Number of protein chains: 2
Amino acid sequence: MDINPESSKARQTSRVSGRRATLKEVAAEVGVSRATVSNAYNRPDQLSEELRVRVFEAARRLGYAGPDPTARGLRKQRTGAIGALYTDRLSYAFADPAAVMFFEGVSVATEEAGLGLLLIPGGSLGQRDPEILMSAAVDGFVIFCMAEDDPLVEATLRRQMPAVLVDQPPIEGVPSIGIDDEAAARLAAEHLTSLGHRSFGVVSFDLDKDSKSGFADIDKQHAATYLPSRARLRGYESALEAAGISWADVPVYECAENVPGMAAEAAEALLALAPRPTAIIATSDQLAFGFMEAVKKAGLSIPEDISVVGFDDVPEAARANPPLTTIHQPHVEKGLRAGRMLIAQLREEEPPETQVLLPTRLVVRGSAARTDH
Amino acid sequence: MDINPESSKARQTSRVSGRRATLKEVAAEVGVSRATVSNAYNRPDQLSEELRVRVFEAARRLGYAGPDPTARGLRKQRTGAIGALYTDRLSYAFADPAAVMFFEGVSVATEEAGLGLLLIPGGSLGQRDPEILMSAAVDGFVIFCMAEDDPLVEATLRRQMPAVLVDQPPIEGVPSIGIDDEAAARLAAEHLTSLGHRSFGVVSFDLDKDSKSGFADIDKQHAATYLPSRARLRGYESALEAAGISWADVPVYECAENVPGMAAEAAEALLALAPRPTAIIATSDQLAFGFMEAVKKAGLSIPEDISVVGFDDVPEAARANPPLTTIHQPHVEKGLRAGRMLIAQLREEEPPETQVLLPTRLVVRGSAARTDH
DNA sequence: CTGAAAGCGCTTACAG
DNA sequence: CTGAAAGCGCTTACAG
């Protein structure tokens, strides 16, 4: 394939000269006003077809690709894109299947509306620079999975644009969507107690923005600034306490990143305990996968030697070996609804809902079984 | 959590009034010129610390969150974001693990550079509207996995911005990056012939923008407008022909979408053939997974009854049951390098490379075995 | 250390 | 059907 020589030439020229033609130049070339050229692109009914064609021909000749989006955006006070703010490294959004599904949903919503989706890194651990946030040209924000004390959340809100909060504590005046993390987590733990387990271990993803891997005591758990972490641990706690198990005795291993590899460390620490837990609850499937992997490497069997329950029900959970018992939540729908809630605000319709809680459920598969201990 | 009442109030006000404060208003409030307010944000060394603080206080009072990104972008002729153009539905980018890894790599590059990443749907099948593309406020484009005859590619290039082509035929003046799809595919097929297989079936993802699922004859294969499809099929062809197997006799089943579910259909069609193929080559791991699933449901064993080789080596390939023999390609690195090649152009450095081919290799795992037929 | 002026590229009433 | 004028919100030499 090759594009026509004309535009290829023009591209090279521009690369050297560093500037593109403007609407003004096209107008001069055709011998009309800028308004007319603008109309040729934006309001075809405002000029004769013949003139419109002449405009486009001149544009092509000059290598003019149409009105500059930034200038148009300034004039129209619309950028045509929404921003998604996500915790820490942006690449992380792509590494976590649950986040990927969430963004899949958001992107369906933006596509419906003909909007672009601007991904904004919440700042790497090192350089948490709000600059990129403040300079993001968007019409609104989806704020996803940020620590609740993260100054970037406030910074985003300060831009006074429509926004939607996802999996975060509500903030007055900002619609939010999520799940009842605590209730869902309770389901996971209750499933295990109902199978007779009394000896537990928990593998959790990070509790705070800058935390390190290791055991986390109750104070640390309760002070967690990621809502899902805090709420899920509380759910486990309440279910186990209700079954007469002392939460203070349940080891909670925090993994600094929500990737399977990190759970290997957790497994090492947890399997070395005496007595060894018969049941492990993980705050994500990703961690459950990594844990299962490590258990198998250690020569133990799931669920015979140790039961595992995850959280998220990502697609791989069903295909895992053994298939993972986990909590299902509708990730794609969460993204879709979040996107639509934001878009409804952009259109200055009333937001369809203001505080949405999506349903969750326990999915029983093969990774947890009755204990004989 | 709650933000301070002041800005919370301001946000609500703005939601009603529909307008935010401007730099001009801040200047008036402080009693200085706009230049000074601008300097407070952009060139702290240009004014006294005391004045700068007064500016920020006034800004906060007025609910001014800093210079408007669009206006700044227009003035500076920089948007601070790059665009990623991807085939068809944007949500598809998130559904395909290989694409996800690619974008993960791109996002690492954009983060390094402090840029945003704007995801641009290549247009749904229905409304392939270049409008969204032409109105994307970005400084350059990564063009990923578009059909080579897709008018959006030309439209993008016509914007005369820095661009990088990924997994697509080269276009003069535009750096590109990819793999040698044909050679890599040959490796996959040769592995199978070396195991004694003589009876093949192929499961391919789509050959053209608007294709439907079904068997694809040679003419259709050679006319494929997705480079990876065309090149991989050619690779299989050349390896099999070299082994004395007539390619014309090899059934190629095209799946309209690169999702596991679609491969079930392919399996149904291919398994019904007499004689039944002993070896299946899939152009992606996603399709291989779906195929394996269907084979197992049909009561057959892999690799005993039928061998399967995939393409991509996504992480799940190693965890599949049996582990999938496949072709490895460095997805994340591809994205990272593509991103950096684009960013190098933005900085008006020479692009580091202009035609990059990344290495691939066969990864032998458990899904293909010697045939006894 | 501060301000007046020019201009980034466009769209939108409005008048003709 | 077409054009002159105003203005979207900012930054950058430049002069003081």
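Residues numbered from 1 in each chain as written. Chains lettered and ligands numbered in written order. Predicted model: local features only at pLDDT ≥ 70, side-chain atom pairs only at ≥ 80, totals over all residues. Heavy atoms only, no water.

*Asks:* How should the protein's contact with DNA strand C be read in this particular structure?
*Replies:* The local shell around DNA strand C holds 28 residues, among which Leu23(A), Arg34(A), Ser38(A), Tyr64(A) and Arg75(A) are the closest. Protein-proximal atoms of DNA strand C, defined as those within 4 Å of the protein, fall in sugar or phosphate at a share of 68%. Between Ser38(A) and DNA strand C, the recorded distance is 2.5 Å, taken from a side-chain N or O atom to a phosphate oxygen. Between Tyr64(A) and DNA strand C, the recorded distance is 2.7 Å, taken from a side-chain N or O atom to a phosphate oxygen. Mapped onto the surface near DNA strand C, the elements with two or more residues apiece are α3 (34-42) and α5 (69-76) of chain A together with α3 (34-42) and α5 (69-76) of chain B. Looking at which element gives the most residues to the surface near DNA strand C, the answer is α5(A), with five residues. In terms of residue class, the surface near DNA strand C is built from eleven nonpolar, nine polar and eight charged. (Near = heavy atom within 4 Å. Polar contact = N/O pair within 3.5 Å; in protein donor to acceptor, adjacent residues only side chain to side chain. Helix = DSSP H or I, 4+ residues; strand = E, 2+ residues; numbered from the N terminus. Nonpolar A, V, L, I, M, F, W, Y, C, P; charged D, E, K, R; others polar.)

*Asks:* It is not clear to me how the pairing of strand β9 (residues 279-282) of chain B should be interpreted in this structure. Could you clarify?
*Replies:* The side chains of a regular strand alternate between both faces of the sheet. All names here are of chain B. Side chains Ala 279 and Ile 281 of β9 all project onto a buried face; the interleaved residues Ile 280 and Ala 282 project onto the opposite face, where all are buried too. Where strand β6 (residues 200-204) and β9 come together, four bridges link them in parallel fashion. Bridge pairing in β9 places Val 203 opposite Ala 282. As defined by bridge partners, β9 adjoins strand β10 (residues 307-309) across three bridges and the pair is classed as parallel. Directly across from Ala 279, in β10, lies its bridge partner Ser 307. A crossover links β9 with its parallel partner β10, the connecting element being helix α14 (residues 285-297), and its sense is right-handed. (Buried < 20%, exposed > 50% of the residue type's maximum accessible area, 1.4 Å probe, protein only. Pairing = 2+ DSSP bridges. Right-handed = clockwise from strand over helix to strand, strands pointing away.)

*Asks:* What should I look at first to understand the sheet that holds strand β8 (residues 252-254) of chain A in this one?
*Replies:* Residue and element names in this part refer to chain A. The five strands lie next to each other as β7-β8-β6-β9-β10, forming an open sheet whose pairing is mixed. Edge strands, defined here as strands with exactly one partner in the open sheet, are β7 (214-215) and β10 (307-309). Contacting β6 (200-204), β7, β8 and β9 (279-282), helix α13 (residues 260-271) runs over the sheet at an angle of about 155° to β8. (Contact = heavy atoms within 4.5 Å. Axes fitted to C-alpha atoms, helices over the stretch in contact; angles between N-to-C directions.)

*Asks:* Sorry if this is basic, but what is going on with the packing of helix α7 (residues 97-112) of chain B against helix α16 (residues 331-346) of chain B here?
*Replies:* In helix packing, the relevant descriptors are the interaxial angle and the interaxial distance, both defined with respect to the helix axes. All names here are of chain B. The N-to-C vectors of α7 and α16 enclose an angle of 40°; their axes lie 6 Å apart at closest approach. The orientation of α7 with respect to α16, classified from their angle, is oblique. Where α7 crosses over α16, the handedness of that crossing is right-handed. Judged by residue contacts, Ala 98, Met 101, Phe 102, Glu 104, Gly 105, Val 106, Val 108, Ala 109, Thr 110 and Glu 112 of α7 engage His 331, Val 332, Lys 334, Gly 335, Leu 336, Ala 338, Gly 339, Arg 340 and Ile 343 from α16. (Parallel < 35°, antiparallel > 145°, perpendicular 65-115°, else oblique. Left-handed = near helix turned anticlockwise from the far one by under 90°.)

*Asks:* Would you take a moment to explain the pairing of strand β3 (residues 141-144) of chain A for this structure?
*Replies:* Residues and elements named next belong to chain A. The side-chain alternation of β3 yields two buried faces, one formed by Phe 141 and Ile 143 and the other by Val 142 and Phe 144. Of the pairings in the sheet, the one linking strand β1 (residues 81-86) to β3 comprises four bridges and is parallel in character. By the bridge assignment for β3, Gly 83 is matched with Phe 141. Pairing of β3 with strand β4 (residues 163-166) involves four bridges; the strand directions are parallel.

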